[in-house]
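# Observations on chain architecture
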Amino acid sequence: MRRRSQLVPWKVAGRVSERMPTGDDVVRETGWVFNNATGDDLTLAEFVATGDDEVPAYLETFGLRGDHTQQQRLVEIGAGIGRMTCAFTREFGSVVACDLDQGFLERCHETVGRFGKPDRLRTLEVANGRTLDLPPNSADLAFSYITLQHCEEDDALELASEAVRVVEPGGKIALNFRGPGFGDRIVVPAGAVVRSMYRVPKVGDWLSRQRPVTRLAWQASRLHPDQVIGPLSPQLTDIQVWKNPSSRLSAVDAAMRTFEGVNPHHWWLVAEVT
Ligand SMILES: C[S@@+](CC[C@H](N)C(=O)[O-])C[C@H]1O[C@@H](n2cnc3c(N)ncnc32)[C@H](O)[C@@H]1O
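Because the structure is predicted, anything quoted here is derived from the model rather than measured.

## Side note on helix α7 (residues 153–166)
In a regular helix each residue adds 1.5 Å, so 14 residues correspond to 20 Å; α7 covers 20 Å between its end C-alpha atoms and thus fits that length. On its buried face, α7 sits against β1 (73–77), β4 (139–144), β5 (167–178), α11 (225–232), β6 (236–243) and β8 (266–273).

Shown next, in the form of C-alpha cells:
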C-alpha cells in the first residue's frame, strides 16, 4: 500500500530519530517535532519535564483525575517518543502508547524506562494511521494531544471514533484538535505540496530537519467541534469543548469551557462514553 502523504513527515522523522545514539540526541535533533523547543543543550530529562507539567494540568482541569486513576487504563493516541507518556505511566495503572511510527515507539519505551514506569507501558503501532488494534471497552480514558491536527480529516475523525470504541461505557475521551482559522486556505494546501516532497530520497531526510518546512508539512486538517461531535454524539454524554479564553469558537451540542493552558488555535473534546 502506498503510504498516504500526511504520514510521511512523521515516518521520516522517526527514521532520523532511530539513527540517533541516545534519547538526548533525539531531543536535540527531532525533539522540536514534539514540543517546539530547540537548543544544542536540550536533554531528554527537560523534554520529559514539559510533559510532567502538562499531564497533571490537563487531567485536573478536565476532571480526569480521581481516586481510581491508579487502577485505570489509558490509551494515548500519538505518543511520540514519550514526552507525556512517562507522566501517564505514573498516573494510570496501564498505558497503551499508540503512534504511527514504530521508531518513535521504541524511543518511547526507552524514555519511559528512564523517567516513568515501564512495567505499566505497552506500545501499539497505528500502521494505517486511522485504526487502533485494540478491543472495544479496553480503556477508561483515551487521550490525544497535538496529533489529530496532523491527520487528514477522515483519519482524524476515524481516530476519534476509535477512541470512543475502545473506551468502556462510563469512561472518558480527551482529544485535542486544531480549529479552523485565518490563513488555512493557503497553509493547508501548501502543507500538502511540501508533504509530497518528503517522498524524495535524501530530500525527505533533509527536510525533516528543517523546522519551518516541517511545520508547514504537518498542516493536514482543521476541524470544527461540530464536525467531530456530530457523528459521535449518540455515544457520548457530558460533552465539553475546552478552548482558550481568547477563542471565539462555539459548538452546537457541547458545553463550552475555557482554560488558559489551551493553545488559542486548539480545542479539546472532553466527554463521557455512554
Ligand atoms: C506533535 S507529536 C505529539 C506527541 C505527543 N502527543 C506530545 O505531545 O509530545 C505528534 C505525534 O503523532 C503521531 N501521529 C501523527 N499522525 C498519526 C496518526 N495518524 N496515527 C497515530 N499517530 C500519529 C506522530 O508520529 C507524532 O509522534
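## Let's talk about the packing of aromatic side chains
In this structure the tally under the stated criterion is 14 aromatic pairs. For the pair Phe62 and Trp268, a centre-to-centre distance of 5.0 Å together with 55° between the ring planes defines the contact as tilted. Remark: Trp268 occurs in strand β8 and Phe62 occurs in the loop between α4 (44–61) and β1; sequence separation between them is 206 residues. Of the two residues, Phe62 and Trp268, neither departs from the other in class, the shared state being buried. Among the aromatic residues, those joined into a ring-pair cluster are Tyr58, Phe62, Phe88, Phe92, Phe143, Tyr145, Trp242, Phe259 and Trp268.

## Let's talk about the site of the ligand
Within the structure, the ligand sits among 19 residues, and Gly78, Arg83, Asp99, Gly129 and Tyr145 are positioned closest to it. A distance of 3.3 Å is found between a nitrogen atom of the ligand and a backbone nitrogen or oxygen belonging to Leu100. Tyr145 has a polar backbone atom sitting 3.0 Å from a nitrogen atom of the ligand. The protein chains hide 99% of the 600 Å² of surface that the ligand would expose on its own. Grouping the amino acids of the shell around the ligand by side-chain chemistry returns twelve nonpolar, five polar and two charged.

The rules behind the values
Residues numbered from 1 in each chain as written. Predicted model: local features only at pLDDT ≥ 70, side-chain atom pairs only at ≥ 80, totals over all residues. Heavy atoms only, no water. Helix = DSSP H or I, 4+ residues; strand = E, 2+ residues; numbered from the N terminus. Expected span 1.5 Å × (residues − 1). Contact = heavy atoms within 4.5 Å. Phe/Tyr/Trp six-rings, centres within 6.5 Å; stacked < 30°, edge-to-face > 60°. Buried < 20%, exposed > 50% of the residue type's maximum accessible area, 1.4 Å probe, protein only. Near = heavy atom within 4 Å. Polar contact = N/O pair within 3.5 Å; in protein donor to acceptor, adjacent residues only side chain to side chain. Areas by Shrake-Rupley, 256 points an atom, 1.4 Å probe, with all protein chains shown as cover. Nonpolar A, V, L, I, M, F, W, Y, C, P; charged D, E, K, R; others polar.

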